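Here is how the chains run, residue by residue.
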Amino acid sequence: MGDPGGIGPEVLVKALADEDRRVRARWAVFGLDAPMRDAAERAGIDPFWERVTRDDAAGLASWPIGVTLIDGEPDLAQPKRWPARDTPEAGELSFRFVEDAIGCCRLAEDHPLRAHGVCTAPISKKGWDLAGKGRFPGHTELLAVRFGAERAGMMFESPSLRVMLATVHLPLLQIRDVFTIGCVFDAIELGHAGCRMLGIKEPRIAVCGLNPHAGEGGILGDEEQRIIVPAMKMARQQGIDAQGPFPGDTVFNAAVAGDFDLVVAMYHDQGLIPVKLLHRDDAVNMTVGLPVPRTSPDHGTAFDLAGQDRARPGSMAAALDLAARLASGTPERAS
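Residues numbered from 1 in each chain as written. Predicted model: local features only at pLDDT ≥ 70, side-chain atom pairs only at ≥ 80, totals over all residues. Heavy atoms only, no water.

Colleague: Give me the lowdown on unusual backbone geometry, citing residues and values where you can.
Modeller: The phi torsion of most residues other than glycine is negative, and most of the peptide bonds are trans. Cis peptide bonds are those with omega within 30 degrees of zero, and the linkage from G244 to P245 qualifies with -5 degrees. For P245, the location among the structural elements is in strand 8 (residues 241-246). Residues other than glycine seldom take positive phi values, yet H213 does so here, at roughly 55 degrees. Positionally, H213 belongs in the loop between strand 7 (204-208) and helix 10 (223-237). (Helix = DSSP H or I, 4+ residues; strand = E, 2+ residues; numbered from the N terminus.)

In structure tokens, the structure reads:
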């Protein structure tokens, strides 16, 4: 459900209110009943989920058809509306919700409560830090550790643009400490694998430069020649169609025009600004490199909108749809 003080409960209720979406999978929601019901009431939606406690869930014969809410704090006098700000209490709960979801995915394949994918609503990174979980800057890092993934990366899927990030949640000036040939190669290889997950058999990958004008032949920086080009050569030796490095201010136009299936961006905002500019309401964040599909909307907690019935559920709906498609082995978008 994400942070109970953010828009997670609202976008989740609105997205799953679609009956067609609800029948595409068996949905187990780890969260709190009170903020979900409050969001439904404000949106004029009749509650459509069955509520069980965490203890009750362990005794289920299997996940029921439809939507089952596993109430994370059934004995708590739950406020209908949590403070729309970073708090350690909300951070602790949202962290636990993700841990519970991961636990279900790690059950044996034949276990009746085994989950086959994870879709996460927005959490507050500051809330996690306040709750003492600062070791994990976000979902991606936590999922990678819990699943024992040697490599995991953040990729964004949208109707006209796909982006893979070489570096993720780092202050800009710290990128130099981790920006290596291996870092860029991993992003290219994981992005290639992500495209294959989405049904693209032979992905065409464009690789961004780090510097303006992709370094302008070394005049504006030599990272392209020292780091990015060798990483691309390694990828090509693996049979990956990696082209570039291209200037970051032009390559996204070519990708949107259909010349490439994926753009590998070197840092967070280089890749996320075009994605959110073009597809704020239907882009999906997917983690590549895990043993199960994981998706999320491409936005955060939006505390400024929480509790006002103003949040748009498009990205959450797209994330749920993609999780269901990937888990069922039918990754292509419906026509």
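Colleague: If you had to explain the sheet that holds strand 1 (residues 27-31) to someone new, which residues and values would you point to?
Modeller: The three strands are arranged 1-3-2 in an open sheet whose pairing can be described as parallel. Both edges of this open sheet fall to strand 1 and strand 2 (50-53), since each of them pairs with a single strand only. Going from strand to strand, the sheet's axes swing by 30 degrees on average, the running direction of each strand aside. Bridging between strand 2 and strand 3 (residues 67-71) involves four bridges; their strand directions are parallel. (Pairing = 2+ DSSP bridges. Axes fitted to C-alpha atoms, helices over the stretch in contact; angles between N-to-C directions.)

Colleague: Talk me through the sheet that holds strand 6 (residues 162-165); I want residue IDs and the actual numbers.
Modeller: The mixed open sheet is built from eight strands, whose spatial order is 4-11-10-5-6-9-7-8. Each of the sheet's edge strands pairs with one partner strand only, and the pair in question is strand 4 (118-119) and strand 8. Bridge count for strand 4 against strand 11 (residues 294-297) is two bridges, and the pairing is parallel. Bridge pairing in strand 11 links V118 to R294. Strands in contact with helix 7 (residues 139-146) are strand 5 (153-157), strand 10 (284-288) and strand 11; relative to strand 11, the strand with the most contacts, it is inclined by about 165 degrees. (Contact = heavy atoms within 4.5 Å.)

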